[in-house]
Amino acid sequence: MKHSGPDVEEDDLYSGYNNYNPTFDYEMTAKFPGTAIGARPLVSSFGAGAARPMTAVSAAGYSSSLTRGPAFDPLGQARGPAPPLEDKNEDTPEEKIKILEKKVNDLVLESCMAQSSGNFQLALEKAKEASRKERTLVRQREQSDKADQINIDLYGSVLLNLANQYENNEMYPEALQNYKLIVKNRLLQNAGRFNVSMANIYVKQQNYMEAIKLYQKALDQIPNTFKELKMKIMENIGLVFVRIGQYPKAIIYFEDIMSQSPNTKTGYNLVLCYYAIGDKERMKKGFQKLISVPLSFDEDKYIPSNDDDSTDMFTEAIQNDKLHQMERNLKQRSEKYIMTAAKLIAPAIETTFAAGFDWSVDVVKSSQYTDLADDLEIIKAVTYLRQKDFNQAIETLKTFEKKDTRAKSTAGTNLSFLYFLEEDYEQAERYADVAMSTDRYNPGALNNKGCTVFVKQDYEKAAEFFKEALRNDSSCTEALYNLGLTYKKLNRLEESVDCFLKHHAILRNSAEVMYQLANLYPSLLEDPQQAIQWLMHVISVSPTDCGVLAKLGQLFDDEGDESQALHHYTESFRHFPCDIGVAAWLGTYYFKKQYFEKAIKYFERATLIQPNEVEWHLRVAGCYRRSGNYHTALETYKETHQRFPEDIECLTFLVRLTNDMGLEEVQEYANKLKKAEKMREVREQRMKSGREGSGRGWREGSAGSAGESAETKVIVGESGSVCVFPVDRSHSGGSAKGERLSAKMRSLPVSNEPYETSAPKELDASYVDPLGPQMERPKTGAKKRVEDDDFEDEELGDDLLPE
């Protein structure tokens, strides 16, 4: 490019870069120790030889020159260790006060920790020590002229903790004294609310009027900003009025709460008060208020929407968190209040309880608790059962057959139970299947199904149903008990014992379970002492169970402890004097001990229990004879002969007694005895010929044995004395005598003390609980073999009267 004007050289595009202004000529030198390099300029990029300005970086530990200032040491290691801290002087009043204040706080904390762990005694000791330390702290502040710096909050916390610990240890006067100190101190904020604590103590002491006074005082002192606290105090006042029976005053407070801050608990209490005063209309209004209390949470937020995955993940995360569990518990409690109130007022608000339940069901159906309507119908059916109106109960329960609700399973379970009690096992099984089809996890339905299979003696299958019920609900004690009975039927005794021991761990006072264990241990371990211990536990729970007492008497008798056996048999007879085995054992015991008057009491009871059994009448007569009361004995024998005219044993003793007493009836009774013996012999011959003709052999011990007795002769001498030759004594009831008894009778002499025998009959006075297999109870009672040796025989003489 050319310019107009004088000629000049062509412009250099890179000219001027090497020119610089001396003003900017600044040379920075740096010394590098230990090297041969000297000071040299630091060339800047601003131009040739120009030095570049440096920024201030000394705050980071850097320096613009290596020769100026200290070496680079950002951590200050060159300075050496830091000087030691100055020791605190603990002798100063300020330090002493601080240390003592910290000890007081630590003691209060330790007291609270001990209380939370349940060690109330240790908590009280720590609270007392904290109180002592706090008083020492106050004195030190006063001595240091710092009384105006007293920590009033620490003082209040120490007093409050001490009062709480006194209350936890039931030292109420001391607790009240400390609470009063708090309330009277005006420097403590909101101290008036502790009137509530004092009122609670007065309630525990049943000083209700003083409690009401303090509740009212607290209600006046607490500001209106604490609305929830005031509502709780009002509720306490209403409950105290309920305790003293002043229901109208309680209603005033409950109604005030329901108008300001309604809740289900107060609504339930209000309904109870209306029921107590018998106001039907107000009961209905109170129930409507109760079910109209809104729930404080929304159940819909826990239901997945299936539209948004992130929302569903959040819903799944909160499905079982503690907040949801708390809300679920609140809802269950509200439902419990509503159901209980409905059951209470239904029979009272209408002319019949059915009409009352119908009204309650209609009200519930139109509320937010619609699911409870079916439960009320179930309760209505149960009420019919309690009134023994089984037809109406069944009809009410059958209405659920066509409903597809959760109550259908409950109705089926109850129907199955009803039909099982009526021994209609087909219907019981049918409704058990209905309940299971609606809810397979219903333990009651599974238990009833197992019972219906149990009665069919299919024990293996029944055990499976019981085990499934336990898998669904481990607390189903009915299934556990029935499983133990099933294993017992299967002779799996160890598993049966295991089931009953588990049941006993759940229900410690179940007499049925302990009785089953008492029956199983002798069979399993052959240890009667274990059985005695379990039966003693049963007696501690049910002291009037006559069967258990009789069983204990039997076990002690088998062990040879007659004193304990007598005690338990006597207690059993006292509670249930109709057990023939117990009466027989006691009568036999006193006869052996020669207390004939006492023996008569029990044998006479046996004659009332079994009036058609000649043996007891003969024993009563024998007791009179042994005690020397021959006239009464003769009269008793005569009465027995009138009831049992063909009894040979009775006639034999009549002949001997009348002969010994020189009465004229001896010949009459002798003739009757001879006639009875002939009739017996004819019957024996017919029976023997019948057996031989049919090819049946003679069975030992059968009544009327032909080999035991030949012809019986009764010879009356001139003086009226009688000689009786061998006689086989058989009761009119057909029970046979033993061979030993017959041998004695063959050699029976004539003596002043007639000989009496008794049949070797085994007495089984077992009691069977008629509740069926679901509540099976083994037999209880005494089983005592009354042998001939139980009665002392007269010594046989050698003198026989001549023919």
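Basis of the calculations
- Residues numbered from 1 in each chain as written.
- Predicted model: local features only at pLDDT ≥ 70, side-chain atom pairs only at ≥ 80, totals over all residues.
- Heavy atoms only, no water.
- Helix = DSSP H or I, 4+ residues; strand = E, 2+ residues; numbered from the N terminus.
- Buried < 20%, exposed > 50% of the residue type's maximum accessible area, 1.4 Å probe, protein only.
- Contact = heavy atoms within 4.5 Å.
- Areas by Shrake-Rupley, 256 points an atom, 1.4 Å probe, with all protein chains shown as cover.
- Core = buried A, V, L, I, M, F, W, Y, C linked by side-chain atoms within 4.5 Å.
- Phe/Tyr/Trp six-rings, centres within 6.5 Å; stacked < 30°, edge-to-face > 60°.
- pLDDT = per-residue confidence, 0-100.
- Expected span 1.5 Å × (residues − 1).
- Axes fitted to C-alpha atoms, helices over the stretch in contact; angles between N-to-C directions.
- Parallel < 35°, antiparallel > 145°, perpendicular 65-115°, else oblique.
- Left-handed = near helix turned anticlockwise from the far one by under 90°.
- Nonpolar A, V, L, I, M, F, W, Y, C, P; charged D, E, K, R; others polar.
- Polar contact = N/O pair within 3.5 Å; in protein donor to acceptor, adjacent residues only side chain to side chain.
- UniProt positions renumbered as here; feature names shortened; annotations may be inferred.

The chain goes by Intraflagellar transport 88 homolog in an unreviewed UniProt entry, where it is assigned to Takifugu rubripes.

1. Topic: the overall build of the chain
Across its full length, the chain carries 32 helices and four strands. Taking all 803 residues of the chain together, the buried fraction comes to 42%. Pairs at least 24 residues apart make up 53% of the contacts formed inside the chain by residues separated by at least 6 positions. As presented, the chain carries roughly 46300 Å² of accessible surface, and 49% of it is formed by carbon and sulfur atoms.

2. Topic: the nonpolar core
Of all hydrophobic cores here, the largest spans 72 residues; its most connected members are Y179, Y215, I233, F287 and L376. With eight residues, helix α12 (residues 322-349) is the largest single contributor of residues to this core. Judged by nonpolar contacts, the second largest core, of 67 residues, contains A518, V548, A550 and C623.

3. A word on the packing of aromatic side chains
Under the defined criterion, the tally for this structure stands at 19 aromatic pairs. Plain terms: the ring middles of Y589 and Y590 are 5.4 Å apart, the flat faces sit at 75° to each other, and that makes the pair edge-to-face. The burial state of Y589 is the same as that of Y590; both residues are buried. Ring centres of Y590 and Y595 lie 6.4 Å apart, and the angle between their planes is 65°; this geometry places the pair in the edge-to-face category.

4. Description of the confidence of the model for the chain
When pLDDT is averaged across the chain, the result is 77; 73% of the residues are at 70 or more. Across residues 1-9 the pLDDT falls below 50, and counting only partners more than four positions away or on other chains, this stretch makes zero contacts in the model. Across residues 26-50, confidence stays below pLDDT 50; counting only partners more than four residues off in sequence or on other chains, it has 30 contacts.

5. Thoughts on helix α17 (residues 425-438)
The end-to-end C-alpha separation of α17 is 20 Å, in line with the 20 Å expected for 14 residues at 1.5 Å each. Those residues of α17 that sit buried are A428, E429, Y431, A432, A435 and M436. For α17, the elements touching its buried residues are α15 (390-398), α16 (407-421), α18 (443-455) and α19 (459-472).

6. Focus: the environment of F454
Topologically, F454 is positioned in helix α18. Accessibility expressed as a relative area gives 7% for F454, which makes it buried.

7. Let's talk about the packing of α17 against α18
In the contact formed by α17 and α18, the axes pass within 9 Å of each other and the chain directions differ by 150°. The angle between the axes of α17 and α18 places the two elements in the roughly antiparallel class. By crossing handedness, the relation of α17 to α18 is classed as left-handed. Counting all contacts with α17, which are made through Y425, A428, E429, A432, D433, A435 and M436, the residues of α18 involved are A445, L446, N448, K449, T452 and V455. Residue composition of the contact of α17 with α18, grouped by class: eight nonpolar, two polar and three charged.

8. Focus on the side chain of H503
Note that H503 resides in helix α21 (residues 493-506). A relative accessible area of 4% places H503 in the buried class. Among the polar contacts made by the side chain of H503, one reaches the main-chain carbonyl oxygen of T477 at a distance of 3.4 Å. Leave out the neighbours within four places in its chain, and H503 touches T477, L480, Y481, S510 and V513.

9. Let's talk about the UniProt feature "repeat: TPR" (unreviewed entry) in the chain
What UniProt calls "repeat: TPR" (unreviewed entry) maps, in this numbering, to residues 192-225, 231-264 and 580-613. As annotated, residues 231-264 comprises 82% helix and 0% strand, and the C-alpha atoms at either end are separated by 13 Å. Taken end to end, residues 580-613 comprises 79% helix and 0% strand; its first and last C-alpha atoms sit 11 Å apart.

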